[in-house]
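# Reading the structure
Letter by letter, the chains look like this.
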Amino acid sequence: MYNDTRRAAWVEIDLGKITDNYKALSGLAPGAKTIPCLKADAYGHGAIKVAWELIKAGADYIGVATLFEAVELRQAGIGKPIVLLGPTPRGNTRDVIDLNILSIITTYEDAWLLSETATRIAPGKTIDVFIALDTGMGRIGFLFTEKDLDQITQIAALPNLKITGLLSHFSAADEEDLSFSEYQLGRLKRFEEVLADRGIRPEMTTIANSAGIIHLPASHLSAIRPGISLYGFAPNEDIPVQTITLEPAMQVKANIVFL
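Structure report, in brief. Source: prediction; values computed, not measured.

For the rest of this paragraph, the subject is the overall build of the protein. Within the protein one finds 9 helices and 10 strands. Against the globule reference of 18 Å for 259 residues, the protein gives a C-alpha radius of gyration of 20 Å, in line with a compact fold. Across the 259 residues in the protein, those meeting the buried criterion constitute 46%. The contacts of the protein with a sequence gap of at least 6 include a subset with a gap of at least 24, amounting to 67%. Roughly 12800 Å² of accessible area belongs to the protein as shown, and the carbon and sulfur atoms make up 52% of that amount. For the protein, the separation between the mean place of its 24 positive charges and that of its 31 negative charges on side chains is 6 Å.

The subject of this paragraph is the packing of aromatic side chains. Inspection of the entire model under this criterion finds 3 aromatic pairs. Taking the centre distance of 4.9 Å and the plane angle of 35 degrees together, the rings of tyrosine 43 and tyrosine 231 count as tilted. You can see tyrosine 43 sitting in helix α2 (residues 39-44) and its partner tyrosine 231 sitting in the loop between β9 (223-224) and β10 (250-254), a full 188 residues away along the chain. Ring geometry for phenylalanine 144 versus phenylalanine 191: centroids 5.0 Å apart, planes at 85 degrees, classification edge-to-face. One end of the pair, phenylalanine 144, is in the loop between β6 (127-132) and α7 (146-156); the other, phenylalanine 191, is in helix α8 (residues 179-197), with 47 residues separating them in the sequence. Given the relative accessible area of 26%, phenylalanine 144 is considered partly exposed. Among the residues examined, phenylalanine 191 registers a relative accessible area of 0% and is labelled buried.

Our focus in this paragraph is α7. Owing to its 3.6 residues per turn, the α-helix aligns residues three or four sequence positions apart on the same side. The complete set of buried residues in α7 reads Asp148, Leu149, Gln151, Ile152 and Ile155. Taken down its axis, α7 places every buried residue within 155 degrees of arc, on the same side. Those residues of α7 that are exposed and angled more than 90 degrees off the buried face are Glu146 and Lys147. Contacts made by the buried residues of α7 are with β5 (101-105), α6 (108-121), β6, β7 (161-167) and α8.

Where helix α1 (residues 15-27) meets helix α3 (residues 47-57), the closest approach of the two axes is 10 Å, and the angle between their N-to-C directions is 45 degrees. Put simply, α1 runs oblique to α3. When you trace α1 past α3, the crossing you get is right-handed. In this structure, α1 contributes Leu15, Ile18, Thr19, Tyr22 and Lys23 to the contact, and α3 contributes Lys49, Val50, Glu53, Leu54 and Ala57. Of the residues that constitute the contact of α1 with α3, the class distribution is 6 nonpolar, 1 polar and 3 charged.

A separate point is empty space enclosed by the protein. Here the structure, examined in full by the defined rule, presents 1 cavity of 30 Å³ or more. When its volume is computed, the largest cavity comes out at roughly 90 Å³. Every residue lining the largest cavity is listed: Pro87, Thr88, Pro89, Arg90, Thr93, Val96, Ser103, Ile104, Ile105, Asp110, Leu113 and Leu114. For the lining of the largest cavity, the class distribution of residues is 7 nonpolar, 3 polar and 2 charged.

Moving on: the side chain of serine 26. Within the secondary structure, serine 26 is located in helix α1. Judged by its relative accessible area of 18%, serine 26 is buried. Not counting residues within four places of it along the chain, the set of residues in contact with serine 26 comprises Thr34 and Ile224.

By the definition in use, this model includes 9 salt bridges. Here arginine 90 ties to aspartate 110 by a salt bridge, and the two come within 2.5 Å at their closest N and O atoms. Of this pair, arginine 90 sits in the loop between β4 (82-84) and α5 (93-98) while aspartate 110 sits in helix α6, placing them 20 residues apart in sequence. Under the relative-accessibility criterion, arginine 90 is labelled exposed at 51%. Overall, the relative accessible area of 16% leaves aspartate 110 in the buried class.

Roughly 620 Å³ of volume is contained in the largest pocket. Contributing elements (two or more residues each) for the lining of the largest pocket: α2 and α9 (210-215). Residues belonging to the lining of the largest pocket are distributed by class as follows: 17 nonpolar, 6 polar and 5 charged.

Analysis parameters
- Residues numbered from 1 in each chain as written.
- Predicted model: local features only at pLDDT ≥ 70, side-chain atom pairs only at ≥ 80, totals over all residues.
- Heavy atoms only, no water.
- Helix = DSSP H or I, 4+ residues; strand = E, 2+ residues; numbered from the N terminus.
- Rg over C-alpha atoms; globule rule 2.2 N^0.38 Å.
- Buried < 20%, exposed > 50% of the residue type's maximum accessible area, 1.4 Å probe, protein only.
- Contact = heavy atoms within 4.5 Å.
- Areas by Shrake-Rupley, 256 points an atom, 1.4 Å probe, with all protein chains shown as cover.
- Lys, Arg positive; Asp, Glu negative; His and termini not counted.
- Charge placed at Lys NZ, Arg CZ, Asp CG, Glu CD.
- Phe/Tyr/Trp six-rings, centres within 6.5 Å; stacked < 30°, edge-to-face > 60°.
- Arc of directions from axis to C-beta.
- Axes fitted to C-alpha atoms, helices over the stretch in contact; angles between N-to-C directions.
- Parallel < 35°, antiparallel > 145°, perpendicular 65-115°, else oblique.
- Left-handed = near helix turned anticlockwise from the far one by under 90°.
- Nonpolar A, V, L, I, M, F, W, Y, C, P; charged D, E, K, R; others polar.
- 1 Å grid on protein atoms, 1.4 Å probe; cavity = no way out; pocket = protein on both sides within 12 Å on 5 of 7 lines; lining within 4 Å.
- Points joined across faces, edges and corners; volume = space filled by probe spheres on them.
- Salt bridge = Lys/Arg side-chain N within 4 Å of Asp/Glu carboxyl O.

What follows is the structure in structure tokens.
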């Protein structure tokens, strides 16, 4: 009869080390809110268990990459605000509303659809959103053009929506030369100034990923988004991390089967 014994190879996760890494990273930005990123099953560490640990450690938000990841956390009982860091599929707009997911807005059309759906199915409900800004990553977000600034202004006027935050992403903060990251940070602050002149003053602005948190303190702003470093890894192994100690939380082990 088959005996259910330990597999020849397995992974062990130390949740305490993830908590310690979180505290070390958030300690670098004591005035900022935290949006720890749990995309890809918390980088393979188990998103649900990691989420509970980070919530106990004081995380303000949880960041995910896909709606499926957000649904998984909600089904596990996670009640903390969840930020969907990628665009919402247009067929799932109602899911975002029903599950209280903070959506990232990348086009006026997506904002209008979210507003229209909320007005129709939950007229008394305010939907918090982040506006994605492309400061140089070249992936998603509004550009610093008059047309895009006008669209953000129009989004701010849509019913049942509240622009809670502005979000951008570094493209090269894990490199030794931080000049382009400093350019992106300057562009983001220019976005803030122009939008403030238009009466749009969100509560949060965030751009700092793990590399930004560690290597560019000026990028901490009002919220940080630690990712790979939560799990004990430097953003770039060629650039030493001198400000904090990070401990890898995962170990891959195996039984010796033959010598």
